[in-house]
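A structural walkthrough
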Amino acid sequence: METYVAALIEMKQESVENYCGQCQENCQQDDDAAAYEGDCADCMEECDAYDALEENGYGDASEYTECQDAGNDDDANAYYTGAYCSDDGSKISIGGFSDEYC
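Summarised in this report is the structure supplied together with it. (Residues numbered from 1 in each chain as written. Predicted model: local features only at pLDDT ≥ 70, side-chain atom pairs only at ≥ 80, totals over all residues. Heavy atoms only, no water.)

**Thoughts on the environment of T81**
- Within the element layout of this structure, T81 appears in strand 2 (residues 78–85).
- Sequence separation between T81 and I94 is 13 residues; the distance between their C-alpha atoms is 6.8 Å.
- Sequence-distant contacts of T81, defined by excluding residues within four places in its chain, comprise Y64, E66, C67, Q68, A70, G95, F97 and C102. (Helix = DSSP H or I, 4+ residues; strand = E, 2+ residues; numbered from the N terminus. Contact = heavy atoms within 4.5 Å.)

Have a look at this one:
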């Protein structure tokens with residue numbers, strides 16, 4: 001699963017980079033002033049949102065795909081984070097676990 005998740009993350013990052021690069025290229029006027037109307041306004045807003053995820057309190061989920069130590073609680077119980085499949089296998093989520101194997 002780790003290989004799949006890593007490939008999926010890389011694909012998504014490349015997709016966002018390509019989309020936002022194309023958006024930036026298509027939405028610039030000759031005088032370098034952005035023309036944010038219609039489709040340009042939509043794609044620039046979406047790309048700005050991607051750029052500001054961490055600033056807006058969202059963590060990078062790709063940092064938690066491999067099972068790793070998340071620290072201890074006040075009673076010295078160890079916790080771990082890692083990826084897991086939903087019961088029906090349709091989703092991959094990040095969860096908290098009480099063992100080092102997630």
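The rest of the description comes next.
**Focus on the state of the cysteines**
- In total, this model carries four disulfides according to the counting rule given.
- A disulfide bridge connects C67 with C102, and the sulfur atoms are separated by 1.9 Å. With the S-S bond torsion at 80 degrees, the cross-link from C67 to C102 turns out right-handed. With C67 in the loop between helix 2 (39–51) and strand 1 (68–72) and C102 in the segment after strand 3 (92–97), this pair connects stretches of sequence that are 35 residues apart.
- Residue class for C102 comes out partly exposed when judged on its relative accessible area of 23%.
- Listing the disulfide partners of the protein by sequence rank of the bonded cysteines yields 1-6, 2-5, 3-4, 7-8. (Disulfide = S-S within 2.5 Å. Buried < 20%, exposed > 50% of the residue type's maximum accessible area, 1.4 Å probe, protein only.)

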